[in-house]
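An overview of the molecular structure
One-letter residues, chain by chain:
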Amino acid sequence: MVKRVFSAMRPTGRLHLGHYFGALKNWIKLQDGYECYYMSADLHALTTDYSDTSEINKNTLDMVADWITVGIDPHRAVIFKQSKVSQHSELFLILSMLTPLKRLYRCPTYKEQLKEIKNKDLNNYGFLGYPVLMSADILLYKSDLVPVGEDQISHLEFTREIARRFNNFYGGVFIKPQEKLTKTAKFLGLDGRKMSKSYNNSILLCEDNDILKGKVKSMFTDPLKIKKNDIGHPDGCVVFSFIKVLNKEYKNREEKCKTGEIGCVSCKKQLTEMLSEFMRPLSEKRKDIIADKAYLENVIAVGCQKAIEVAQKTIEEIHKVLKF
Ligand code: SF4
């Protein structure tokens, strides 16, 4: 039987290079061997942006347009929107009854985001409980595999714990999803932190060329390499972290940085050229896709219908074991 893969992204609008190299490249490959469910997690978006929902729908269309642009194929993957599959909310409610509060306070991502995100009020129940909603998302489709990076393994562990707890209380409805670990390139943001829109340090997948130039210019490099001839340390350099992903010949540049044969201006020039080349065909393709709103809405509507069919079957099994 073909294994099922589930993955999701919050609709925060247009995607950045971190999304592509960290997740989407892998999503594209998975379409070849698995039954893939790719979800726009718009309910999750409420956990941090509940006071203003005016952009959520537009953000979903922007994100799905990016997915299709890079090669997610609506004929091979189920592309859908979380809020239109009400079974997610129902399972979230049921699982939240079984979730110990202490366990939620211990989640590493909860602690990390509270520390990092200062411009939003995160003191709400939904934010604390988002791992439960995430578990509901995964378990609802009886997903075999969830593509994650190493920093997200704790999410899967949490999901397995909740699944085990449910199965122990009521009977074995859920299978335990496994992580599909992929070694992805670590993509740093302009300032050297993880690339994220919340940190305002990202480069869009289809960035405007002038903006791209400005962003590459502003990237952090080795602070000890002031003049071209200074000995550099590429390991801590954001520009080099990109070059390493995009240029197979990166070792040569690495060596020359270390021996003071090249300067940061040359690296930034090369990086700008490589990124422009990478983005050009994508930008062309995206223009047509985003212009056809009816097409995008139809892709999502068809996906939602397929998702509802699977989700409803799981909910019926749950009702049975809960004796509702
Ligand atoms: Fe980074 Fe290149 Fe400057 Fe070295 S020369 S610090 S690799 S930008």
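Computed from a predicted model, the values in this text were never measured in an experiment. (Residues numbered from 1 in each chain as written. Predicted model: local features only at pLDDT ≥ 70, side-chain atom pairs only at ≥ 80, totals over all residues. Heavy atoms only, no water.)

Here's the deal with the site of the ligand
In the neighbourhood of the ligand, the contacting residues comprise Thr221, Asp222, Lys225, Cys237, Val239, Phe240, Cys257, Gly263, Cys264 and Cys267. Elements with a minimum of two residues in the shell around the ligand: α11 (238-246) and α13 (264-291). Of the residues assigned to the shell around the ligand, the class counts are six nonpolar, two polar and two charged. (Near = heavy atom within 4 Å. Helix = DSSP H or I, 4+ residues; strand = E, 2+ residues; numbered from the N terminus. Nonpolar A, V, L, I, M, F, W, Y, C, P; charged D, E, K, R; others polar.)

A short note on the packing of aromatic side chains
The full count for this structure, using the stated rule, is 16 aromatic pairs. Geometrically, the ring pair formed by Tyr37 and Phe80 is edge-to-face, given 6.4 Å between the ring centres and 80° between the ring planes. Note that Tyr37 is positioned in strand β2 (residues 35-40) and Phe80 in strand β3 (residues 77-81), a separation of 43 residues in sequence. Residue class for Tyr37 comes out buried when judged on its relative accessible area of 3%. According to the relative accessible area criterion, Phe80 is buried, its value standing at 1%. With 6.1 Å between their ring centres and 65° between their planes, Tyr105 and Tyr110 make a pair best called edge-to-face. Residue Tyr110 is classed as buried on the basis of its relative accessible area of 11%. Members of the aromatic cluster, each reached through a chain of ring pairs, are Phe6, Tyr37, Phe80 and Tyr141. Lying over the aromatic face of Tyr130, Arg10 brings its terminal NZ or CZ to 5.9 Å of the ring centre. The ring of Tyr199 is capped by Arg193, whose NZ or CZ atom sits 4.2 Å from the centre of that ring. (Phe/Tyr/Trp six-rings, centres within 6.5 Å; stacked < 30°, edge-to-face > 60°. Buried < 20%, exposed > 50% of the residue type's maximum accessible area, 1.4 Å probe, protein only. Lys NZ or Arg CZ within 6 Å of the ring centre and 35° of its normal.)

Focus on the domain arrangement of the protein chain
In terms of domains, the protein chain is made up of domain 1 (4-187 + 293-322) and domain 2 (206-286). Centre-to-centre separation of domain 1 and domain 2, based on C-alpha positions: 33 Å. Listed by partner, the interface residues are 12 residues for domain 1 and 10 residues for domain 2. Interface area for domain 1 against domain 2, summed over the two sides, is near 1000 Å², with a carbon-plus-sulfur share of 67%. When the buried surface of domain 1 facing domain 2 is broken down by residue, Leu17, Thr69 and Phe187 rank first, second and third, together holding 48% of it. (Domains from an automatic or database assignment. Contact = heavy atoms within 4.5 Å. Buried area = accessible area lost by both parts, 1.4 Å probe.)

Details of the nonpolar core
Of all hydrophobic cores here, the largest spans 95 residues; its most connected members are Leu17, Trp67, Phe80, Leu95, Tyr141, Ile203 and Phe242. Among the elements that make up this core, the one with the highest residue count is helix α14 (residues 293-322) (10 residues). Counting contributing residues per domain, this core is built from domain 1 (4-187 + 293-322) and domain 2 (206-286), each supplying no fewer than three. Excluding residues within four positions of it along the chain, Phe242 makes contact with Leu17, Phe187, Leu188, Met195, Ile203, Met219, Leu271 and Leu275. (Core = buried A, V, L, I, M, F, W, Y, C linked by side-chain atoms within 4.5 Å.)

Things to note about the pattern of salt bridges
In the structure shown here, the tally under the stated rule is 15 salt bridges. Close ionic contact of Glu35 with Arg4 constitutes a salt bridge, the shortest N to O distance being 3.4 Å. With Glu35 in strand β2 and Arg4 in strand β1 (residues 4-9), the pair connects residues that are 31 residues apart, well separated along the chain. In this structure Arg4 comes out as buried when scored by relative accessible area, which is 18%. Notably, a salt bridge pairs Glu273 with Lys269, separated by 3.5 Å at the nearest N-O pair. You can see Glu273 and its partner Lys269 sitting in helix α13, four residues apart, about one turn around the helix. (Salt bridge = Lys/Arg side-chain N within 4 Å of Asp/Glu carboxyl O.)

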